[in-house]
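Here is how the chains run, residue by residue.
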Amino acid sequence: MKILVIEDEQALADTLRRAISSDGHWVDVAHDGHRGLELALTGAYDAIVLDLMLPGPSGDEVCRRLRKLDDHTLVLMLTAKDGEYDEADGLDAGADDYLTKPFSLVILLARLRALGRRAGRERPTTLQVGDLTLDIAARLCKRDERTVELTAREAAVLGRLMAAAGGTVSKQDILDEVWDSPADLDPNIVEVYVSSLRKKIDAPFGRHTLRTVRGAGYRLAPDEP
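Residues numbered from 1 in each chain as written. Predicted model: local features only at pLDDT ≥ 70, side-chain atom pairs only at ≥ 80, totals over all residues. Heavy atoms only, no water.

In the annotation of an unreviewed UniProt entry, the chain is listed under the name Response regulator transcription factor and assigned to Streptomyces kasugaensis.

Observations concerning the sheet that holds strand 8 (residues 140-143)
Pairing is antiparallel in the open sheet, where 4 strands are placed in the order 6-7-8-9. The two strands at the open ends of the sheet, each matched to only one other strand, are strand 6 (126-129) and strand 9 (146-148). Sheet twist, expressed as the mean angle between neighbouring strand axes with direction ignored, is 25°. Pairing between strand 8 and strand 9: 3 bridges, direction antiparallel. Considered in strand 9, the bridge of Arg143 is made with Arg146. With respect to the sheet, helix 6 (residues 152-163) is in contact with strand 6, strand 7 (132-135) and strand 8, its orientation differing from that of strand 7 by roughly 115°. Of the strands in this sheet, strand 7, strand 8 and strand 9 are in contact with helix 8 (residues 189-202), which crosses strand 8 at around 55°. (Pairing = 2+ DSSP bridges. Helix = DSSP H or I, 4+ residues; strand = E, 2+ residues; numbered from the N terminus. Axes fitted to C-alpha atoms, helices over the stretch in contact; angles between N-to-C directions. Contact = heavy atoms within 4.5 Å.)

Digging into the pattern of salt bridges
Here the structure, examined in full by the defined rule, presents 14 salt bridges. For Lys101, the salt bridge goes to Glu7, with nearest N and O atoms at 3.1 Å. Here Lys101, found in the loop between strand 5 (97-100) and helix 5 (105-118), pairs with Glu7, found in the loop between strand 1 (2-6) and helix 1 (10-22); they are 94 residues apart in sequence, far enough to count as distant. Take Lys101 and Glu7: they sit in the same class, and that class is buried. (Salt bridge = Lys/Arg side-chain N within 4 Å of Asp/Glu carboxyl O. Buried < 20%, exposed > 50% of the residue type's maximum accessible area, 1.4 Å probe, protein only.)

Let's talk about the packing of helix 2 (residues 33-42) against helix 3 (residues 59-68)
Two elements in contact, helix 2 and helix 3, have axes whose closest approach is 10 Å; the angle formed by their N-to-C orientations is 25°. When the axes of helix 2 and helix 3 are compared, the pair comes out roughly parallel. Viewed along their axes, helix 2 and helix 3 form a crossing whose handedness is right-handed. Within the contact between the two elements, helix 2 uses Gly33, Leu37, Ala40 and Leu41 and helix 3 uses Val62, Arg65 and Leu66. When grouped by side-chain class, the residues that make up the contact of helix 2 with helix 3 number 5 nonpolar, 1 polar and 1 charged. (Parallel < 35°, antiparallel > 145°, perpendicular 65-115°, else oblique. Left-handed = near helix turned anticlockwise from the far one by under 90°. Nonpolar A, V, L, I, M, F, W, Y, C, P; charged D, E, K, R; others polar.)

Remarks on helix 2
Among the residues of helix 2, those classed as buried are Gly33, Gly36, Leu37, Leu39 and Ala40. Down the axis, helix 2 shows its buried residues gathered within 165° of arc, on one side only. Opposite the buried face of helix 2, at more than 90 degrees from it, the exposed residues are His34 and Thr42. Where helix 2 is buried, its residues touch strand 1, strand 2 (26-30), strand 3 (47-51) and helix 3. For helix 2, the N-terminal capping position is held by Asp32, with its side-chain oxygen 3.0 Å away from the main-chain nitrogen of His34. Phi turns positive one or two residues past the end of helix 2, at Ala44, with a value near 50°. (Arc of directions from axis to C-beta. Polar contact = N/O pair within 3.5 Å; in protein donor to acceptor, adjacent residues only side chain to side chain.)

Comments concerning the side chain of Asp97
As for its placement among the helices and strands, Asp97 is situated in strand 5. A distance of 3.2 Å separates a polar atom in the side chain of Asp97 from a polar atom in the side chain of Arg111. For Asp97, the residues in contact, after removing those within four places along its chain, are Val75, Leu76, Met77, Leu91, Arg111 and Leu115.

Quick look at the sheet that holds strand 3
Spatially, 5 strands are ordered 2-1-3-4-5 in an open sheet, and the strand pairing comes out parallel. Only two strands of the sheet have a single neighbouring strand rather than two, namely strand 2 and strand 5. This sheet shows a mean twist of 20° between the axes of neighbouring strands, independent of strand direction.

Let's talk about the packing of helix 6 against helix 8
The geometry of helix 6 relative to helix 8 is characterised by a closest axis approach of 10 Å and an angle of 90° between their N-to-C directions. In terms of orientation, helix 6 lies roughly perpendicular with respect to helix 8. Along its contact with helix 6, which presents Arg153, Glu154, Val157 and Leu158, the element helix 8 presents Tyr193, Ser196, Leu197, Lys200 and Ile201.

Okay, structure coming up:
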C-alpha cells in the first residue's frame, strides 16, 4: 500500500517510516496537520497513520476534514490518550482504527495489513511507467522486455519515483524513503543515484523517462523511443 504517516515526533516518525517500508509499503511523512492534510488530499494514499496531537489541525480535525470532502482513505489513529471517550472521539471523527501509545510495531503493521484486507486492496508487486517495469519483491527491472540490472539502492530510488505515478518527488522525500538515516546525509547524494539510473534505464534505450523538475525534484514520465 501507499501510506502517509502524519506524526510530529521526528524520532517516532522515522521509526514508523522504516518499519512500514520494511513491511513492503511506500511511505510519505508529514510532521504537522497542515502538511498532512495537504498530502492526504493530493497523494492518493491507501492508508494514513495519523497522530492525534499535532501542530496545526489535530488528528481529529484532519480526519473530519477528509470525511467532509468525501475522502474515505483508511485512517489508523495514534494517540497518547487512553480514555475510552478519546477513542470514541477518534472513531467518531472518521478513523477506521485506533492505537494507543506506546504500541508494538508488530501490532501496528498487523493493523495496517488488516485495514488493507478490509478495503479489499492487494499490495502491488509490480510498478509500471510506459514499458518500464519494476518487480518490487524480486528487485527485477525491465525495459522493452530487456532486464536492467540495478543495485538495491537504485531499485529503491526508482521504486519511489514510479510509485508517485508521474508526480514530482523531492530529493528529501527520496532520502526519507530510501535511506535509514537521512538527516545525516547530503541530499545531493540523490543526484548520484538519479544519474546512475539514467545511464541504465534511459540512455541504452534512447529514452528520456527520468526527468528533473527544476527546484522541485524528479519525476518519471512515459517516453516513446
